[in-house]
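Next come the chains, spelled out residue by residue.
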Amino acid sequence: MTSREERRLALFPDNWNLLVLEKKEVARDQARHPLHELPREEELRSLGIVSPDSALEFPSGSSLRGRASFVDRQYLAPLVDRPLRTSEGDRFLLISRRNAPDTMDPEECTVANRVFHLAYWDRASRFCGTCAAPMEMISGEMAKQCSACGATSYPRISPAVIVAVVRQGKLLLAHSRRHSGKMYSVLAGFVEAGETLEQAAAREVQEECGITIKNVRYLASQPWPFPTALMAAFTADYAGGEIALQDEEIVSADWFAPGELPREIPDAYSIARRLIERFVSDHGTPQDLQRLLSR
């Protein structure tokens, strides 16, 4: 766990990557041994990298102290093009935020994703959407107000649903065109205006795979800052129809038994993986679940 006295700096060259330190020495005897961590602001300052004026303070309530900002890729070039090492032998790298949960402390990764969401909003709300005048931060609140017309802006949250559909002990999984490789996952999509979350879940399944569902039940939620989504997870039962793919979205889909899951499925950090694990726990054998958890 990171000391409360250490001040961290989360820097993002784009929507997908994060600057981290790769630790030279990792305690391999620990149950979890994070390989990457957010760099210390003091260490970066000693190397000539200072916090941009636009950097936002980390959210209150976290054990981490620091700031976050988008920066031009050229700003990080002196660190990552070599890559440069610190006095302790750690080196600076850019890693994918999608892969960060596999190599970072869970709390630190959560903070990095949250401050990305805020930095993304800060960058996207420099000017008023009503009159185009500059926006200014409101003291004591994570919000901005227009300097001319007074319109207020808060960090955008885009609700989305993700649903695990079960039919006679088998789970509906699909390979989407947006997924790399041959990864299969449960179905997901954004909520449309005027919909309930349950209606959105039913619509997405019918649109993408042509089947209807029933007994839609809420399970959990997860912020998914790629860039601003909040994923609400549901389970549901098959109601009717046969698989008919929405070609522009889905490459293939099928029903999978607990012991016959595809080789490529979402990573352990994602709520999609949690839904799959829940399915295997409910419908599979202890051996099926153990094999899944050991992936």
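Sequence order as written defines the numbering, with residues in each chain counted from 1. Owing to the predicted nature of the model, reporting of local features is limited to residues with pLDDT of at least 70; listing and counting of side-chain atom pairs is limited to 80 or more, with chain, interface and lining totals taken over all residues. No hydrogens and no water enter the side-chain calculation; it runs on all heavy atoms of the structure.

Going along the chain from the N terminus, every DSSP run of H or I of four or more residues is numbered as a helix, and every run of E of two or more is numbered as a strand. Helices and strands together make up the secondary structure of the chain, namely six helices and 15 strands. Oriented by its inertia axes, the alpha-carbon framework of the chain measures out at about 60 × 55 × 30 Å. Throughout, a residue-residue contact means that at least one pair of heavy atoms, one from each residue, lies within 4.5 Å. Long-range contacts, defined as pairs at least 24 residues apart, comprise 62% of the intrachain contacts of the chain with a sequence gap of at least 6. Residues scored as charged are limited to Lys and Arg (positive) and Asp and Glu (negative), so that His and the chain ends carry no count. Lys charges are placed at NZ, Arg charges at CZ, Asp charges at CG and Glu charges at CD. Taking the average place of the 36 positive charges on the side chains of the chain and the average place of its 41 negative ones, the gap between the two points comes to 2 Å.

What follows concerns the sheet that holds strand 7 (residues 135–137). Strands pair in a sheet through their backbones, by hydrogen bonds, and they do so in one of two ways: parallel or antiparallel. Paired strands, as defined in this entry, are two strands with at least two bridges between them according to DSSP. Strand order in this open sheet of three strands is 7-8-9, and the pairing throughout is antiparallel. Looking at which strands have only one partner, the edges of the open sheet turn out to be strand 7 and strand 9 (152–153). As defined by bridge partners, strand 8 (residues 144–146) adjoins strand 9 across two bridges and the pair is classed as antiparallel. Bridge pairing links glutamine 145 to threonine 152 in strand 9.

Once that is clear, we can look at the sheet that holds strand 3 (residues 36–37). The three strands are arranged 3-2-6 in an open sheet whose pairing can be described as antiparallel. Because the sheet does not close on itself, it has two edges, and the strands there are strand 3 and strand 6 (91–96). With axes taken as lines fitted to C-alpha atoms, and helix axes fitted only over the stretch in contact, angles between N-to-C directions fall between 0 and 180 degrees. This element, helix 2 (residues 73–80), spans strand 2 (17–22) and strand 6 of the sheet and lies at about 130° to strand 6.

So, about the environment of glutamate 207. As for its placement among the helices and strands, glutamate 207 is situated in helix 4 (residues 197–209). Separated by 48 residues in the primary sequence, glutamate 207 and proline 159 place their C-alpha atoms 18 Å from one another.

Turning our eyes to something else, we now look at the packing of aromatic side chains. Two rings from Phe, Tyr or Trp (for Trp, the six-membered ring) form a pair when their centres are within 6.5 Å of each other. A pair whose planes differ by under 30 degrees is stacked, one over 60 is edge-to-face, and the rest are tilted. The tally for this structure, following the rule as stated, stands at nine aromatic pairs. Plain terms: the ring middles of tyrosine 218 and phenylalanine 234 are 5.7 Å apart, the flat faces sit at 75° to each other, and that makes the pair edge-to-face. Taken as a pair, tyrosine 218 in strand 13 (residues 212–224) and phenylalanine 234 in strand 14 (residues 229–240) lie far apart in primary sequence, 16 residues in all. Put simply, the rings of Phe12, Phe70, Phe116 and Tyr120 touch in pairs and so form one group of aromatic residues. When the NZ atom of lysine or the CZ atom of arginine is within 6 Å of a ring's centre and also within 35 degrees of its normal, the charge is said to sit over that ring. Sitting over the ring of phenylalanine 226, arginine 97 keeps its end group 4.3 Å from the ring centre. For arginine 123, the ring lying beneath its charged end belongs to phenylalanine 70, and the centroid distance is 3.8 Å.

A pocket, in this scheme, is an open set of points on a 1 Å grid over the protein atoms alone with protein on both sides within 12 Å along at least 5 of 7 lines, while a cavity is a set where a 1.4 Å probe fits but cannot get out; residues line either one if an atom lies within 4 Å of a point. Grid points are joined across faces, edges and corners, and a volume is the space filled by probe spheres set on the points. If you add up the space inside the largest pocket, you get close to 910 Å³. Together, 36 residues line the largest pocket, and Arg98, Arg178, His179, Met183 and Trp224 are the ones closest to its centre. Element by element, the count of residues in the lining of the largest pocket is highest for strand 12 (residues 187–190), at four residues. Three residue categories are used. Nonpolar comprises Ala, Val, Leu, Ile, Met, Phe, Trp, Tyr, Cys and Pro, charged comprises Asp, Glu, Lys and Arg, and polar comprises the others, including Gly. Residue composition of the lining of the largest pocket, grouped by class: 18 nonpolar, nine polar and nine charged.

A pair is scored as a salt bridge if a Lys or Arg side-chain nitrogen falls within 4 Å of a carboxyl oxygen belonging to Asp or Glu. Scanning the entire structure with this criterion turns up 22 salt bridges. Glutamate 192 is paired through a salt bridge with arginine 203; the nearest N and O atoms lie 3.5 Å apart. Taken together, the residues span a long stretch of sequence, with glutamate 192 in the loop between strand 12 and helix 4 and arginine 203 in helix 4 at a distance of 11 residues. Residue burial is assigned from relative accessible area. The probe radius is 1.4 Å, only protein chains are included, and a residue is buried under 20% of its type maximum, exposed over 50%, and partly exposed in between. Looking at arginine 203, the relative accessible area reads 14%, which means it is buried. Put simply, glutamate 207 and arginine 203 hold a salt bridge, and the shortest N to O gap is 3.2 Å. With glutamate 207 and arginine 203 both in helix 4 and four residues apart, this pair spans about one turn of that helix. Glutamate 207 gets classed as partly exposed once you look at its relative accessible area, which sits at 37%. A network of salt bridges, in which partner residues are shared, links Arg8, Lys23, Glu37, Arg40, Glu43 and Asp90.

Read these as spatial facts, not as claims about activity.
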